[in-house]
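Letter by letter, the chains look like this.
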Amino acid sequence: MSDSLILGIETSCDDTGVAVLQNDRVLSSVVSSQIDVHREWGGVVPQLARREHENVIQIVIAAALKRAGVKCSDLSAIAVTYGPGLAPALEVGVRTAKQLAQEHSLPLIAVNHMEGHTLSGLLRNRHGKPYSGLDKALFPCLAVVVSGKHSDLVWIENIGHYRLLGQTLDDAPGEAFDKIGRMLDLGYPAGPVISQLAQGHNRAAFDLPRPMQHSDNYHFSFSGLKTSCLYQTNRLKDELGAEFAAVIPDYCASVEEAIVESLLGKTLRAAKEHQPNMVLFGGGVSANKRLRFRFRRELAALDIPAYFAPKQFCTDNGAMIALAGYYKLQRGETVADIAALDRDPSISIEDANKKSASF
Ligand code: KG4
Ligand code: ZN
């Protein structure tokens with residue numbers, strides 16, 4: 001098959017991401033983040049997200065094409081996230097992608113955001129060098145997708161064949177970082193701040209729960225940790241008054257360790273039972289340094305290599321969407337009826353298995 005040039009569009013949450021890929025090689029990736037807009041609300045406001053995507057999407061598309069040195073007429077296809085995510089935000093990307101595809105008579109590929117995160121460790125730079133160090137993907141493998149909304153343990157039989165082994169039953173790990181960070185007045189998103197404050201501090205200073213470690217399934221739960229942190233934070237603030245600030249780094253280190261160990265327990269159990277050839281990591285929380293260190297070390301002890309995408313492809317971006325789109329294009333899975341394509345806010349990774357038959 002000859003080379004494909006894919007434009008990937010991502011607007012499922014608060015990042016407007018657009019990238020151009022030549023097969024699995026990233027020629028350009030541009031992300032416009034709305035964090036500053038949502039910060040004062042302490043989380044993403046869907047209607048504000050829609051407005052911001054609408055304001056910047058054409059500019060981000062033009063920048064991605066320019067950086068890649070290509071024109072719309074050079075493209076082979078357009079890939080767009082159609083779910084899961086916030087409906088008002090998804091609608092902007094889907095509408096824009098439909099218009100572009102129709103205007104330039106290009107095939108349109110509907111991509112599942114979770115498939116994008118799952119495969120982000122397979123992205124290569126423009127010279128063909130894999131960002132994650134993974135030269136040849138070995139299947140079947142396990143993927144850990146940890147973000148502000150998900151913590152999915154995914155069994156990948158092969159690209160395009162996914163089984164959801166486990167997921168969070170309540171909050172996602174990124175959400176836990178963000179909500180606990182809010183209790184500590186660390187702003188939004190708090191994951192990177194907690195991680196930075198935690199460095200070099202005592203991870204055992206505070207006793208925090210690791211929920212569901214012994215349950216007989218691969219699911220996760222973070223709401224118990226959040227509640228425990230709420231009680232402890234209030235108690236510490238009462239007891240320590242102005243001195244509370246001095247214990248925040250140790251507190252952050254303990255929180256980070258509790259979240260990482262909650263993820264580790266179930267993932268290691270799945271790895272032992274299913275013997276994957278490798279483990280791929282994706283999603284914003286997989287940018288976390290401590291998570292990378294602990295997982296690399298524990299998986300190495302099982303002789304299983306771990307691969308992480310660089311930070312810019314852990315958080316939401318258009319490159320991972322174009323990559324999932326590239327594999328779908330190879331399988332001939334393009335949208336048959338462009339007008340019928342609609343966003344679907346609540347699909348799971350297993351919906352990426354189906355050929356998009358409904359549109
Ligand atoms: O994948 P992502 O950009 O958006 C979703 O699809 O949710 O992930 C965003 C989440 C936020 O909750 C943020 O706090 C968290 O990822 N995050 C981190 C780090 N960088 C981003 N959490 C812990 N450590 C980090 N270094
Ligand atoms: Zn995401």
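First, a word on scope: everything that follows refers to the structure included in this document. (Residues numbered from 1 in each chain as written. Chains lettered and ligands numbered in written order. Predicted model: local features only at pLDDT ≥ 70, side-chain atom pairs only at ≥ 80, totals over all residues. Heavy atoms only, no water.)

**Examining the coordination of the zinc ion (ligand 2)**
- Within the protein, H113 (NE2), H117 (NE2) and D316 (OD) serve as the donor atoms for the zinc ion (ligand 2), at 2.1 Å.
- Mapping the donors of the zinc ion (ligand 2) onto the primary sequence yields the spacing H-x3-H-x198-D. Of the two residues, H113 sits in helix α4 (residues 113-119) while D316 sits in the loop between α10 (311-314) and α11 (318-330), which places them 203 residues apart along the sequence.
- On the accessibility criterion, H113 (5% relative accessible area) is buried. (Donors = N, O, S within 2.8 Å, 3.2 Å for Na, K, Ca; no water. Helix = DSSP H or I, 4+ residues; strand = E, 2+ residues; numbered from the N terminus. Buried < 20%, exposed > 50% of the residue type's maximum accessible area, 1.4 Å probe, protein only.)

**Digging into the site of ligand 1**
- Residues in contact with ligand 1 amount to 19 residues; listed here are only the nearest, G148, K149, D178, G284 and N288.
- A distance of 3.2 Å is found between an oxygen atom of ligand 1 and a backbone nitrogen or oxygen belonging to G191.
- Note that an oxygen atom of ligand 1 is positioned 3.3 Å from one of the backbone N or O atoms of D316.
- Protein coverage of the free-state accessible area of ligand 1, which is 560 Å², stands at 91%.
- Only α4, α5 (173-183) and α6 (191-198) provide two or more residues apiece to the shell around ligand 1.
- Broken down by element, the shell around ligand 1 gets its largest block of residues, three residues, from α5.
- Classifying every residue of the shell around ligand 1 gives six nonpolar, 10 polar and three charged. (Near = heavy atom within 4 Å. Polar contact = N/O pair within 3.5 Å; in protein donor to acceptor, adjacent residues only side chain to side chain. Areas by Shrake-Rupley, 256 points an atom, 1.4 Å probe, with all protein chains shown as cover. Nonpolar A, V, L, I, M, F, W, Y, C, P; charged D, E, K, R; others polar.)

**Points about the pairing of strand β5 (residues 108-112)**
- The buried fraction of β5 amounts to five of the five residues, a majority that puts the element mostly inside the structure.
- Burial of the side chains of β5 extends over both faces: L108, A110 and N112 are buried on one face and I109 and V111 on the other.
- In the classification by handedness, the crossover that spans strand β4 (residues 77-83), the intervening helix α3 (residues 87-103) and the parallel β5 is right-handed. (Right-handed = clockwise from strand over helix to strand, strands pointing away.)

**Re the packing of helix α8 (residues 244-274) against helix α9 (residues 289-301)**
- Two elements in contact, α8 and α9, have axes separated by 10 Å at closest approach and are oriented at 30°. As summarised for this structure, α8 and α9 are arranged roughly parallel, according to the angle between their axes. The handedness of the crossing between α8 and α9 is right-handed. Seen from α8, the contacting residues are E256, E257, V260, E261, L263, L264, T267, L268 and A271; seen from α9, they are R290, L291, R294, F295, E298 and L299.
- Classifying every residue of the contact of α8 with α9 by side-chain character gives eight nonpolar, one polar and six charged. (Axes fitted to C-alpha atoms, helices over the stretch in contact; angles between N-to-C directions. Parallel < 35°, antiparallel > 145°, perpendicular 65-115°, else oblique. Left-handed = near helix turned anticlockwise from the far one by under 90°. Contact = heavy atoms within 4.5 Å.)

**Here's the deal with the packing of aromatic side chains**
- Within the structure shown, the criterion is met by five aromatic pairs.
- Judged by centre distance (4.3 Å) and plane angle (15°), the rings of F281 and F308 are stacked. Here F308 lies in strand β10 (residues 306-308) and F281 lies in strand β9 (residues 279-282), a separation of 27 residues in the sequence.
- Residue classification places F281 among the buried residues on the basis of a relative accessible area of 0%.
- Each member of the aromatic cluster is reached from another via a ring pair, and the members are F281, F295 and F308. (Phe/Tyr/Trp six-rings, centres within 6.5 Å; stacked < 30°, edge-to-face > 60°.)

**Comments concerning α3**
- Taking 1.5 Å of rise per residue, 17 residues should cover 24 Å, and α3 covers 24 Å from first to last C-alpha, within 8% of that figure.
- Counting buried positions over the 17 residues of α3 gives 12, a clear majority of the element.
- Residues A87, P88, A89, L90, V92, G93, V94, T96, A97, K98, L100 and A101 constitute the buried set of α3.
- Packing partners of the buried residues in α3 comprise β1 (5-10), α2 (46-68), β4 and β5. (Expected span 1.5 Å × (residues − 1).)

**Some thoughts on the pattern of salt bridges**
- A complete count under the given rule lists 21 salt bridges for this structure.
- R343 is paired through a salt bridge with E91; the nearest N and O atoms lie 2.7 Å apart. On the criterion of sequence distance, the pair formed by R343 in the segment after α11 and E91 in helix α3 is long-range, its members being 252 residues apart.
- You can call R343 partly exposed: its relative accessible area is 24%.
- Measuring nitrogen to oxygen at the nearest pair gives 2.9 Å for the salt bridge that ties R203 to E256. Residue R203 is found in the loop between α6 and α7 (223-240), and its partner E256 is found in helix α8; the two are separated by 53 residues along the sequence. Accessibility assignment for this pair places R203 and E256 in one class, buried. (Salt bridge = Lys/Arg side-chain N within 4 Å of Asp/Glu carboxyl O.)

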